[in-house]
Amino acid sequence: MGVRFRGWGTAVPDHVVTNDDLSRTLDTSDAWITERTGIRERRIGGTAKSLGVLAGSRALADAGVEPADIDFLVLATTTPDRITPATAPMIAAELGLTCPAMDVNGACSGFMYALRTAQGLLETGNTRILVIGSENLSRWVDWNDRNMAVLLADGAGAAVIEHDATVNEILSFRLGANGEWADLLTCEHGGYFQMDGKEVFRRAVRVVVESAELALADAGVTADQIALVVPHQANIRIIQAATQRLGIPMERAVVVLDRYGNTSSSSIPLAFDDARSNGRVVAGEYALFTGFGAGMTWASAVMRWA
Ligand code: UT7
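J.: Looking at this structure, I do not really get the site of the ligand. What am I missing?
T.: Lining the immediate surroundings of the ligand are 22 residues, of which Thr28, Arg36, Lys198, Asn235 and Asn262 lie closest. Within the side chain of Lys198, an N or O atom sits 2.5 Å from an oxygen atom of the ligand. At a separation of 2.8 Å, an oxygen atom of the ligand approaches a polar side-chain atom of His232. Across the complex, the protein chains shield 71% of the 950 Å² of accessible surface that the ligand would expose by itself. Mapped by element, the contributors of at least two residues to the shell around the ligand are α2 (30-37), α6 (146-149), α7 (197-219) and α8 (236-246). The greatest single-element share of the shell around the ligand, amounting to four residues, is contributed by α7. Each residue belonging to the shell around the ligand can be placed in one class, and the counts come to ten nonpolar, seven polar and five charged. When residues of the shell around the ligand are assigned to domains, at least three fall in each of domain 1 (3-163) and domain 2 (170-304).

J.: Help me understand the sheet that holds strand β12 (residues 286-293), please; the structure alone is not making it clear to me.
T.: The strands making up a sheet are joined through hydrogen bonds of the backbone, oriented either antiparallel or parallel. Within the open sheet, the four strands sit side by side as β8-β13-β12-β11. Their pairing is mixed. Of all strands in the sheet, those with a lone pairing partner are β8 (170-177) and β11 (226-231), marking the two edges. Shown here is a sheet whose adjacent strand axes are inclined to one another by a mean of 10°, direction ignored. In terms of strand pairing, β11 meets β12 through five bridges, oriented parallel. Pairing of Ile226 across the sheet is with Tyr286, part of β12. Where α7 meets the sheet, its contacts fall on β8, β11, β12 and β13 (297-304), and the angle it forms with β13 comes to roughly 35°. Strand contacts of helix α10 (residues 267-277): β11 and β12, with the helix running at about 140° to β11, the strand carrying the most contacts.

J.: Just checking my understanding: could you explain the packing of aromatic side chains for this structure?
T.: What characterises a pair of aromatic rings is the spacing of the ring centres plus the angle enclosed by the ring planes. Tallied over the entire structure, the rule returns eight aromatic pairs. Arranged with centres 4.1 Å apart and planes meeting at 35°, the rings of Trp8 and Phe272 form a pair that is tilted. Here the residue Trp8 occupies a position in strand β1 (residues 3-11), and Phe272 occupies one in helix α10, the gap between them amounting to 264 residues. With respect to burial, Trp8 and Phe272 carry one shared label: buried.

J.: How do you make sense of helix α5 (residues 110-123) when you look at a structure like this?
T.: In an α-helix, one turn spans 3.6 residues; hence positions three or four apart end up facing the same way. Given a rise of 1.5 Å per residue, 14 residues ought to cover 20 Å, and the 20 Å separating the end C-alpha atoms of α5 matches this to within 8%. Most of α5 is tucked away, with ten of its 14 residues classed as buried. Within α5 the residues assigned to the buried category are Gly110, Phe111, Met112, Tyr113, Ala114, Leu115, Ala118, Gln119, Leu121 and Leu122. Of the residues trailing α5, Gly125 is marked for its positive phi of about 115°.

J.: Please explain the domain arrangement of the protein chain as it appears in this structure.
T.: Domain boundaries assigned for the protein chain yield domain 1 (3-163) and domain 2 (170-304). Centre-to-centre, using C-alpha coordinates, domain 1 lies 16 Å away from domain 2. The interface of domain 1 with domain 2 comprises 48 residues on the first partner and 46 residues on the second. Both faces combined, the contact of domain 1 with domain 2 buries some 3,800 Å², and carbon together with sulfur accounts for 66% of it. Per-residue buried area on domain 1 facing domain 2 is highest for Trp8, Cys108 and Met112; these three make up 20% of the total on that side. For the interface between domain 1 and domain 2, the tally reads one salt bridge. Here Arg276 makes a salt bridge to Asp62, at a shortest N to O gap of 2.9 Å.

J.: Please clarify how the pattern of salt bridges should be interpreted in this entry.
T.: Side chains bearing opposite charge may pair, as long as their charged atoms lie close to each other. This structure, assessed with the given rule, holds 13 salt bridges. Notably, a salt bridge pairs Arg24 with Asp21, separated by 2.8 Å at the nearest N-O pair. Residue Asp21 is classed as partly exposed on the basis of its relative accessible area, which comes to 28%. We note a salt bridge from Asp274 to Arg259, for which the minimum N-O separation is 3.2 Å. With Asp274 in helix α10 and Arg259 in helix α9 (residues 257-260), this pair connects stretches of sequence that are 15 residues apart. Classification of Asp274 by relative accessible area gives buried; the value is 15%.

Reading the values: rules and limits
Residues numbered from 1 in each chain as written. Predicted model: local features only at pLDDT ≥ 70, side-chain atom pairs only at ≥ 80, totals over all residues. Heavy atoms only, no water. Near = heavy atom within 4 Å. Polar contact = N/O pair within 3.5 Å; in protein donor to acceptor, adjacent residues only side chain to side chain. Areas by Shrake-Rupley, 256 points an atom, 1.4 Å probe, with all protein chains shown as cover. Helix = DSSP H or I, 4+ residues; strand = E, 2+ residues; numbered from the N terminus. Nonpolar A, V, L, I, M, F, W, Y, C, P; charged D, E, K, R; others polar. Domains from an automatic or database assignment. Pairing = 2+ DSSP bridges. Axes fitted to C-alpha atoms, helices over the stretch in contact; angles between N-to-C directions. Contact = heavy atoms within 4.5 Å. Phe/Tyr/Trp six-rings, centres within 6.5 Å; stacked < 30°, edge-to-face > 60°. Buried < 20%, exposed > 50% of the residue type's maximum accessible area, 1.4 Å probe, protein only. Expected span 1.5 Å × (residues − 1). Buried area = accessible area lost by both parts, 1.4 Å probe. Salt bridge = Lys/Arg side-chain N within 4 Å of Asp/Glu carboxyl O.

Given below as structure tokens:
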């Protein structure tokens with residue numbers, strides 16, 4: 001059963017918040033944030049719905065398909081606009097989709113979880129699916145808490161994937177979850193994001209490397225064959241540590257966190273779209289997508305571009 005990516009789209013708020021902007025109200029500095037995370041600025045604003053609609057409409061246009069051509073909408077979001085209803089049906093209505101629509105919460109692995117769900121939905125008879133990651137993390141950040149305020153941001157990314165009998169671009173998928181690590185990164189009802197950053201960091205590198213190695217083995221691809229790594233954009237040091245352990249040169253990894261910060265479910269499609277617009281997505285080459293997040297959840301997939 002073949003799956004092919006047909007189009008991509010992204011959306012970020014216009015409002016740029018730099019490290020220096022944050023340093024004016026928080027006990028932090030551009031030097032600390034840049035050195036410890038790699039983040040220089042981030043975009044703040046919008047809602048999961050508004051950003052998702054924009055990214056989704058751009059993906060439809062890029063794919064050259066009409067709303068009626070979409071059989072299912074899967075939205076990855078950690079920050080739905082309301083607890084209920086889900087945000088996906090509201091995005092679907094705005095885009096003119098009349099298909100089923102649902103939210104998936106895999107935290108920062110969310111886009112990967114949504115993509116795997118969509119792949120399964122194609123296997124059960126759907127033809128074309130819109131997958132969106134959209135986040136409004138800033139709404140759940142305590143802007144007096146330097147631990148989270150310097151990291152999280154808003155944005156969205158989307159892809160149209162479709163059944164294709166002649167090619168297959170998703171070669172393997174490895175997902176995982178461990179709820180025993182749930183308390184490492186949380187946001188309670190009515191509360192704010194809280195994180196044990198050091199522990200998340202340590203486990204993130206481990207689960208990314210383990211799941212990536214399994215996904216590579218499943219695909220029958222070696223690390224040196226990977227031309228592009230599209231990692232979750234949480235911290236440049238996590239990306240450096242994971243690529244080093246995998247034996248993949250850091251230059252092959254896409255990094256957009258310097259401009260966008262950590263946008264959770266949106267970070268992988270934002271990174272991919274950046275790679276694509278810079279000519280880094282080449283037919284015949286292999287790519288590794290890999291992410292981790294609250295839950296704790298993780299996911300790796302190997303792609304080969306048709
Ligand atoms: O999307 C998935 C979830 N998120 C992540 O993946 C994040 C994973 N974790 C991380 O990225 C890193 O652990 C952080 C960026 C959160 C923290 O970096 P770190 O190198 O682990 O720093 P630390 O927590 O060990 O703190 C080092 C020092 C401490 O001061 P002392 O005890 O050495 O005096 C902190 O109090 O830096 C201090 N510090 C800060 N200083 C300025 C902590 N946060 C800040 C800050 N600005 N924002």
